[in-house]
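Listed below are the residues making up each chain.
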Amino acid sequence: MGSSCCGCNAVLTPEIKEVITQSAFIPVTTLSGDGQPHLIVVGKVKEIRGDNTLVLGVYKMEKTRQNLTETGVMQVAAVSGKKGYRFSGQARSEGDEVIFTVEKIAALL
């Protein structure tokens, strides 16, 4: 739902963007170079850029930033009411932000 068959042109539709902005919190998982997942929870998505990029504010997040440097692999989940989505893609840390490019979207609920 919301992505192409190859998963490389994921599009954040208006409905998906609404779920993201209404989510009470956002779970974020990154992957280390040796394959270890690291799960954290952030308050909100700071900004939605275009149709495939989420910007998260950085507060500490040392392990998350280290993992992004090592692999860039990240997943984010957003749930509001009876709708939810898991986003997979690549991310990088830039100053006090994490820039996450969504490559694949899966409905959760």
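Residues numbered from 1 in each chain as written. Predicted model: local features only at pLDDT ≥ 70, side-chain atom pairs only at ≥ 80, totals over all residues. Heavy atoms only, no water.

**Student:** I keep staring at the overall build of the chain and nothing clicks. Help me out?
**Tutor:** Along the backbone of the chain there are 2 helices and 7 strands. In sequence order, the chain lays out its α and β elements as α-β-β-β-β-α-β-β-β. At 13 Å, the chain has a C-alpha radius of gyration in line with the 13 Å of a compact globule built from 109 residues. Across its three principal directions, the C-alpha atoms of the chain cover 30 × 30 × 25 Å. (Helix = DSSP H or I, 4+ residues; strand = E, 2+ residues; numbered from the N terminus. Rg over C-alpha atoms; globule rule 2.2 N^0.38 Å.)

**Student:** Before we go on, may I ask you to explain the sheet that holds strand S3 (residues 47-49) in this structure?
**Tutor:** The pairing of strands in a sheet happens through backbone hydrogen bonds and is either parallel or antiparallel. Spatially, the 7 strands line up as an open sheet ordered S2-S1-S5-S6-S7-S4-S3, and their pairing is antiparallel. Looking along the sheet, the strands with just one partner apiece sit at the ends: strand S2 (37-42) and S3. For this sheet, the mean angle separating the axes of adjacent strands, direction not counted, is 30°. (Pairing = 2+ DSSP bridges. Axes fitted to C-alpha atoms, helices over the stretch in contact; angles between N-to-C directions.)

**Student:** What is the right way to look at the pattern of salt bridges in this model?
**Tutor:** Inspection of the entire model under this criterion finds 6 salt bridges. In this structure, Glu97 engages Lys46 in a salt bridge whose closest nitrogen and oxygen atoms are separated by 3.0 Å. Residue Glu97 is found in strand S7 (residues 97-107), and its partner Lys46 is found in the loop between S2 and S3; the two are separated by 51 residues along the sequence. Two residues, Arg92 and Glu94, come together in a salt bridge whose shortest N-O distance is 2.6 Å. (Salt bridge = Lys/Arg side-chain N within 4 Å of Asp/Glu carboxyl O.)

**Student:** Any chance you could explain the environment of Thr71 here in plain terms?
**Tutor:** The residue Thr71 is located in the loop between helix H2 (62-70) and strand S5 (73-80) in this model. On the basis of relative accessibility, which here comes to 24%, the residue Thr71 falls in the partly exposed class. Spatially, the C-alpha atom of Thr71 lies 8.4 Å from that of Thr30, the residues being 41 residues apart in sequence. (Buried < 20%, exposed > 50% of the residue type's maximum accessible area, 1.4 Å probe, protein only.)

**Student:** Explanation requested: H2 in the structure shown.
**Tutor:** Residues spaced three or four apart along an α-helix face the same direction, because each turn holds 3.6 residues. Taken as a whole, H2 has its buried residues at Thr64, Asn67 and Leu68. Projection of H2 onto a plane perpendicular to its axis shows the buried side chains occupying an angular sector of 100°, all on one side. Seen from the buried face of H2, the exposed residues on the opposite side, beyond 90 degrees, are Glu62 and Thr69. Residues of H2 that are buried sit in contact with strand S1 (26-31), S2, S5, strand S6 (83-94) and S7. Where H2 ends, the next residue or the one after it, Gly72, has phi of about 75°, a positive value. (Arc of directions from axis to C-beta. Contact = heavy atoms within 4.5 Å.)

**Student:** Hey, could you run me through the pairing of S5 in this one?
**Tutor:** Across a regular strand the side chains alternate sides, sitting on one face of the sheet and then on the other. Direction of pairing for S1 relative to S5: antiparallel, over a ladder of 3 bridges. Bridge pairing links Val28 to Val76 in S5. Bridge count between S5 and S6: 8 bridges; the pairing is antiparallel. The partner of Ser80 across the bridge, within S6, is Lys83. Connecting S5 to the next strand, S6, in antiparallel fashion are 2 residues, including Gly81 with a positive phi near 60°.

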